[in-house]
Amino acid sequence: MIELPEKLLKLLRTAKKVAVLTGAGVSAESGVPTFRGDEGLWKKFRAEELATVEAFMRNSRLVWEWYMYRRELISSVKPNAGHYALVELENHFEDFTLITQNVDGLHRAAGSRNILELHGNITRNKCFDCGQPFEGEIDISRGDIPRCECGGKIRPDVVWFGELLPAHAINGAFDASDTAELFFSVGTSALVHPAASMPVTAKRNGAYLVEINREPTPLSDIADCALHGKSGDILPQIVEKLKE
Ligand code: BV8
Ligand code: ZN
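Residues numbered from 1 in each chain as written. Chains lettered and ligands numbered in written order. Predicted model: local features only at pLDDT ≥ 70, side-chain atom pairs only at ≥ 80, totals over all residues. Heavy atoms only, no water.

Undergrad: Could you give me a rundown of the nonpolar core, with the residues and numbers involved?
TA: If you look at the biggest cluster of nonpolar residues, it comprises 29 residues, and the most contacted ones within it are Leu182, Phe184 and Ile238. Residue assignment for this core shows that the elements contributing at least two residues are helix H1 (6-14), strand S1 (17-22), helix H7 (81-92), strand S2 (95-100), strand S6 (182-186), strand S7 (208-213), strand S8 (225-228) and helix H11 (231-243). Broken down by element, this core gets its largest block of residues, five residues, from H11. Counting 24 residues, the second-largest nonpolar core is a separate cluster that includes Ala51, Tyr67, Val103 and Cys148. (Core = buried A, V, L, I, M, F, W, Y, C linked by side-chain atoms within 4.5 Å. Buried < 20%, exposed > 50% of the residue type's maximum accessible area, 1.4 Å probe, protein only. Helix = DSSP H or I, 4+ residues; strand = E, 2+ residues; numbered from the N terminus.)

The following block contains the structure:
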């Protein structure tokens, strides 16, 4: 059983406004590879080669093959204990915001409700040119890339490097970060911006910052409480403390 600082135990009892930022580490125990870990997705590929507009314009088929591979992976995975613990936290606190960098949809599958998807969602598609959502089948086996009625190429509805995050998500996430009394950063290497600046913003605005991660990150030194371990182990223990 983890030991929590008295200040955190008190906040678990009294906090009204709570926000959580999650990254790929939260989905690792569901079998979804993280980005930068040793089994990381980037190991075989490099982010710059694939998760960018240039890559898609230069080699749409390669980028689609990578997303189809990841979609295949994600289609067979289930939420883990960490995802379900976050649903319990949402049910407990009066004002709870779940900010996620993950594109795998596992938070919604677990039952989380107030979710801000900063980097989009890998199961959705849209037109590269006009941005219109595309509901059709994606079949790249014959080599051609599906087209929108406007003629534009269809792409996954995720945010690539160098692209702006969806306004609704980024505004909501900074609002939640600015006003949270208690902020959890869970399963993220805290390297990708602007997501990585949200825990810092929360702390600067007076939030008590808790980091839950397998390994130290740039946030570990500024966190009020840094818990190193698996989110699937630690988050359910925090929920247990709520019930005590
Ligand atoms: C933008 C979607 C601006 C696609 C992704 C230099 C300095 C600062 C910033 C920049 C810079 N150069 C460029 C930038 C900006 C850039 C950026 O931040 N680059 C980084 C790499 C330096 N950011 C952008 O480009 C963003 N856009 O800034 O636009 C702009 C301004 C004006 C006009 C136009 C544009 C867009 C960023 C979004 C990129 N898209 N993904 C896809 O998924 O294919 S990012 C990708 O990384 C994923 O979304 C992922 O979520 C995200 C972050 O990674 P993590 O989630 O943290 O995953 P990671 O593997 O790194 O870490 C997992 C952690 O979990 C590890 O620490 C591990 O120890 C831990 N863990 C593992 N298992 C467990 C665990 N923890 C607990 N329990 C476990 N079981
Ligand atoms: Zn279009």
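Undergrad: Let's hear about the pattern of salt bridges: which residues, and what values?
TA: Working definition: two side chains of opposite charge can pair if their charged atoms are close together. In the structure shown here, the tally under the stated rule is 10 salt bridges. Across the pair Lys243 and Glu88 runs a salt bridge whose closest N-O atoms are separated by 3.2 Å. Taken together, the residues Lys243 in helix H11 and Glu88 in helix H7 connect sequence positions 155 residues apart. Residue Lys243 is classed as exposed on the basis of its relative accessible area of 54%. (Salt bridge = Lys/Arg side-chain N within 4 Å of Asp/Glu carboxyl O.)

Undergrad: How would you explain the site of ligand 1 if you had to name every residue and give the values?
TA: Of all residues adjacent to ligand 1, which total 35 residues, the nearest are Arg36, Tyr67, Arg70, Gly162 and Ser189. Within the side chain of His119, one N or O atom sits 2.7 Å away from an oxygen atom of ligand 1. Within the backbone of Gly187, one N or O atom sits 3.4 Å away from an oxygen atom of ligand 1. Judged by its atoms lying within 2 Å of the grid points, ligand 1 is housed in the largest pocket. Looking at the shell around ligand 1, the elements with two or more residues in it are helix H2 (25-28) and helix H6 (60-75). When residues in the shell around ligand 1 are grouped by element, the largest group, three residues, is from H6. (Near = heavy atom within 4 Å. Polar contact = N/O pair within 3.5 Å; in protein donor to acceptor, adjacent residues only side chain to side chain. 1 Å grid on protein atoms, 1.4 Å probe; cavity = no way out; pocket = protein on both sides within 12 Å on 5 of 7 lines; lining within 4 Å. Sits in = over half its atoms within 2 Å of the grid points.)

Undergrad: I'd love a proper account of the pairing of S2, names of residues and values included.
TA: Of all six residues in S2, five are buried, a share of seventy percent or more. Here six bridges tie S1 to S2, and the two strands are oriented parallel to one another. Residue pairing for S2: Val18 is matched across the bridge by Phe96. As paired strands, S2 and strand S3 (residues 115-117) are joined by three bridges and run parallel to one another. Across the sheet, the residue bridging to Thr100 is Glu117, located in S3. (Pairing = 2+ DSSP bridges.)

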